[in-house]
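Structural characterization, general
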Amino acid sequence: MSPHPLAGKPAPKDLLIDASQLEAKFYESKPDPGNPNQLVSFGTSGHRGTSSNGTFTEAHILAITQAICEYRSGQGINGPLFMGKDTHALSRPAERVALEVLAANSVETFIQRDDGFTPTPVISRAILAYNRSRSDGLGDGIVITPSHNPPGDGGFKYNPPNGGPADTDATGWIQNRANDLLRSGNAGVRRLSFESAIKASTTHAEDFVTPYLMDLPNVIDLEAIRSAGVKIGVDPLGGAAVGYWRPLAERYGLDITVVNPNIDPAFGFMTVDHDGKIRMDCSSPWAMAGLVDLKDQFDIAFGNDPDADRHGIVVPSRGLLNPNHYLAVAIRYLLSHRPQWSSSAVVGKTLVSSCLIDRVVKSFARMLWEVPVGFKWFTPRLYDGTCCFGGEESAGASFLRRDGTVWSTDKDGIILGLLAAEISAGTGKDPGVHFQEIVGEFGMPFYTRIDAAVSSEQKNRLQKLSPEAVTATELAGEPITAKLTRAPGNDAPIGGLKVVSPSGWFAARPSGTEQIYKLYAESLKSAEHLAQIVEQAQAIVSRSIA
């Protein structure tokens, strides 16, 4: 699919949202409980939608927050709840409504002081830090963010006491209870006024920034970065991490330039993504075009999405690194520079990530752990330290502290960016050079991801597809060796299909938030072979869900 004519160019004014109108619709719009598209739906990471079509409204937040209060009570979770928000226009009103419900339910709640913004990994680390050495009175969290989604979107996700994204049992219960509340007109929701909620004895406005920054040397060698004088450029893409970089530089003496310190709910400073939409995707060369243009001014540059759980690494030699390529570099470096990590700890990847990772992991005689899409699958083993690294092809990852204990159980784009600086400082070579070394040893993979429009009915068919629905026996001239609907690492359903041949593969799965399916494909031969795989994969998927 050819990029949109605006891809990589500054966003024109006619693409910008009207933030005040969006917020007005958040309060005015009333979802139709009889419309499945307007019910609460937890995808791989919480409920997402927009007020402009009635999928993310005050009613949704009231219902979801009340459901979370009842869920945590039923699970015996009676410690504090840590709540953060990103910079999307709908995040602030959603936080206010959620706080009204939490206070009415007497849930002790911590929010960032001065109406500030908080990255997803900061909430994850805060939950884990509070719960450390506790067996009862455990805390949990809420993060209000649609991640890298367009400016008009809102998102709301729950993190239980293990600090990571809630598993399907939790999200299923919360989703069902929230929809019951919606159908009753939210009659069962407890609520105070915002003025009462913000003054309640259970509401605490605290500083989340300093504790996170003080803990960073336990996961990243910041002294190596400082002493090597690595020149770093950072673009928070108008996101929640914007207030973290200057205090970090001052505290540890790092040479960090924030190239874009602006906060704008319309994200009008963005360059347009591949499809003509504004999307703060730090793994997209079109969305990151502004930082890529500055690549020669820094030794390392990186960006984060609005909740800072994703990373995009820019180096002078290659521009923006493909997320798969950087994951392979990061894993190789960490496995050779973290001597305190247990040799039995597995390396986790999602099954749509590059097989180059498999080769790197095998070269260290480590076990690869391949799971479905969704960071929640990594959470339990990051939590207990039996997984040292978990990474997704969509530029989300986290890893253990330098001593081999848990850092975060949700994605942390901040530490993945700083790791690129540590790699440059510790080896004298940037991650782009390291990638070329990996290619020299294992060969070049050819990888792509394509979004294709589908109906809701087709999405449901794809999600429930069985291997038998695929009648093809060959893929790009080679015999098909596997048709997978469950992940090899944990036998969990992948919510789609993966087809494997001796020198290539593809996977297809429906998006949890958009009317598309995502097609992933890789060839170990050539770009031409990859094109053949993609063409046949699209035909196979179309036949299977027709």
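The sections below set out a description of the structure shown in this document.

Rules used throughout
Residues numbered from 1 in each chain as written. Predicted model: local features only at pLDDT ≥ 70, side-chain atom pairs only at ≥ 80, totals over all residues. Heavy atoms only, no water. Core = buried A, V, L, I, M, F, W, Y, C linked by side-chain atoms within 4.5 Å. Buried < 20%, exposed > 50% of the residue type's maximum accessible area, 1.4 Å probe, protein only. Contact = heavy atoms within 4.5 Å. Pairing = 2+ DSSP bridges. Helix = DSSP H or I, 4+ residues; strand = E, 2+ residues; numbered from the N terminus. Axes fitted to C-alpha atoms, helices over the stretch in contact; angles between N-to-C directions. Parallel < 35°, antiparallel > 145°, perpendicular 65-115°, else oblique. Nonpolar A, V, L, I, M, F, W, Y, C, P; charged D, E, K, R; others polar. Polar contact = N/O pair within 3.5 Å; in protein donor to acceptor, adjacent residues only side chain to side chain. 1 Å grid on protein atoms, 1.4 Å probe; cavity = no way out; pocket = protein on both sides within 12 Å on 5 of 7 lines; lining within 4 Å. Points joined across faces, edges and corners; volume = space filled by probe spheres on them. Phe/Tyr/Trp six-rings, centres within 6.5 Å; stacked < 30°, edge-to-face > 60°. Lys NZ or Arg CZ within 6 Å of the ring centre and 35° of its normal. Salt bridge = Lys/Arg side-chain N within 4 Å of Asp/Glu carboxyl O.

Right, let's get into the nonpolar core. Counting residues in hydrophobic clusters, the biggest one holds 75 residues, and the most contacted among them are Leu216, Tyr326, Phe389, Phe399 and Leu419. Setting aside its immediate chain neighbours within four residues, Phe389 contacts Leu327, Ala330, Ile331, Leu334, Val346, Val347, Gly348, Leu382, Ala397, Ser398 and Phe399. If you look at the next biggest cluster of nonpolar residues, it comprises 43 residues, including Ala59, Ala89, Ile174 and Val189.

Moving on: the sheet that holds strand S8 (residues 231-235). Spatial ordering of the open sheet is given by S9-S8-S10-S11-S12, a layout of 5 strands whose pairing is mixed. Here the strands that pair on one side only, and so sit at the sheet edges, are strand S9 (255-258) and strand S12 (319-320). Note that strand S11 (residues 311-315) and S12 share 2 bridges and pair antiparallel. What sits directly across from Val315, in S12, is Gly319.

Running from N to C, helix H1 (residues 19-28) and helix H3 (residues 91-104) cross one another at 30 degrees; their axes reach a closest spacing of 10 Å. With respect to each other, H1 and H3 are oriented roughly parallel. Within the contact between the two elements, H1 uses Glu23, Phe26 and Tyr27 and H3 uses Pro93, Ala94, Arg96 and Val97. Each residue belonging to the contact of H1 with H3 can be placed in one class, and the counts come to 5 nonpolar, no polar and 2 charged.

With their axes 9 Å apart at the nearest point, helix H11 (residues 323-337) and helix H12 (residues 355-363) run at an angle of 10 degrees to one another. Between H11 and H12, the angle falls in the class roughly parallel. Residue-level contacts link Asn324, Leu327, Ala328, Ile331 and Arg332 of H11 to Leu356, Ile357, Val360 and Val361 of H12. For the contact of H11 with H12, the per-class residue count stands at 7 nonpolar, 1 polar and 1 charged.

We now examine the side chain of Lys85. If you trace the backbone, Lys85 turns up in strand S3 (residues 81-85). Polar contacts involving the side chain of Lys85 include one to the side chain of Glu95, which spans 2.9 Å. Here the side chain of Lys85 touches Asp115 through a polar contact of 3.1 Å, side chain to side chain. Excluding its chain neighbours within four sequence positions, the residues that come into contact with Lys85 are Ser91, Arg92, Glu95, Asp115, Gly116, Phe117, Thr118, Ile144 and Ala240.

To locate leftover empty space, one rolls a probe as large as a water molecule over the atoms. A full pass over the atoms with the stated rule returns 3 cavities of 30 Å³ or more. Roughly 70 Å³ of internal volume is contained in the largest cavity. Forming the boundary of the largest cavity are 12 residues, of which Ser45, Gly46, Pro165, Ala166 and Thr171 lie nearest the centre. Elements with a contribution of two residues or more to the lining of the largest cavity: strand S1 (42-43) and strand S6 (153-159).

Once that is clear, we can look at the packing of aromatic side chains. The full count for this structure, using the stated rule, is 15 aromatic pairs. Look at Tyr212 and Tyr244: their rings are 6.0 Å apart centre to centre, the planes differ by 85 degrees, and that puts the pair in the edge-to-face class. Of this pair, Tyr212 sits in helix H7 (residues 209-215) while Tyr244 sits in the loop between S8 and helix H9 (245-252), and the two are 32 residues apart along the sequence. Here the two residues Tyr212 and Tyr244 agree in accessibility, since each one is buried. For Lys498, the ring lying beneath its charged end belongs to Trp505, and the centroid distance is 4.5 Å.

Now for unusual backbone geometry. Notably, Ser147 is not glycine yet its phi reads approximately 65 degrees, a positive angle. Following the sequence through the fold, Ser147 ends up in the loop between strand S5 (140-144) and S6. Overall, Ser147 belongs to the buried group, its relative accessible area being 2%. The residue Ala476 is not glycine, and still its phi comes out positive at about 50 degrees. Among the structural elements, Ala476 can be located in the loop between strand S18 (474-475) and strand S19 (478-479).

Pairing between side chains becomes possible if they bear opposite charge and their charged atoms approach one another. Counted under the stated rule, the structure contains 29 salt bridges. Salt-bridge contacts for Asp180 lead to Arg183; the nearest nitrogen and oxygen are separated by 3.4 Å. Here Asp180 pairs with Arg183, and both are found in helix H5 (residues 168-183), just 3 residues apart, close to one helical turn. A relative accessible area of 42% places Asp180 in the partly exposed class.

Counting buried residues in S5 gives 5 out of 5 residues, a clear majority hidden from the surface. Of the two faces of S5, both are covered, the one formed by Asp140, Ile142 and Ile144 as well as the one formed by Gly141 and Val143. Pairing of S3 with S5 involves 5 bridges; the strand directions are parallel. Residue Leu81 lies in a different strand from S5, and its bridge partner there is Asp140. Strand direction decides the pairing type here: S5 and S6, joined by 3 bridges, are antiparallel. Its bridge partner being in S6, Val143 is matched across the sheet by Lys157.

Of note, Gly253 is situated in the loop between H9 and S9. Here Gly253 falls in the partly exposed class, since its relative accessible area comes to 45%. For Gly253 and Arg310, which are 57 residues apart along the polypeptide, the C-alpha to C-alpha distance reads 24 Å.

Shape is all these values report; function is a separate question.
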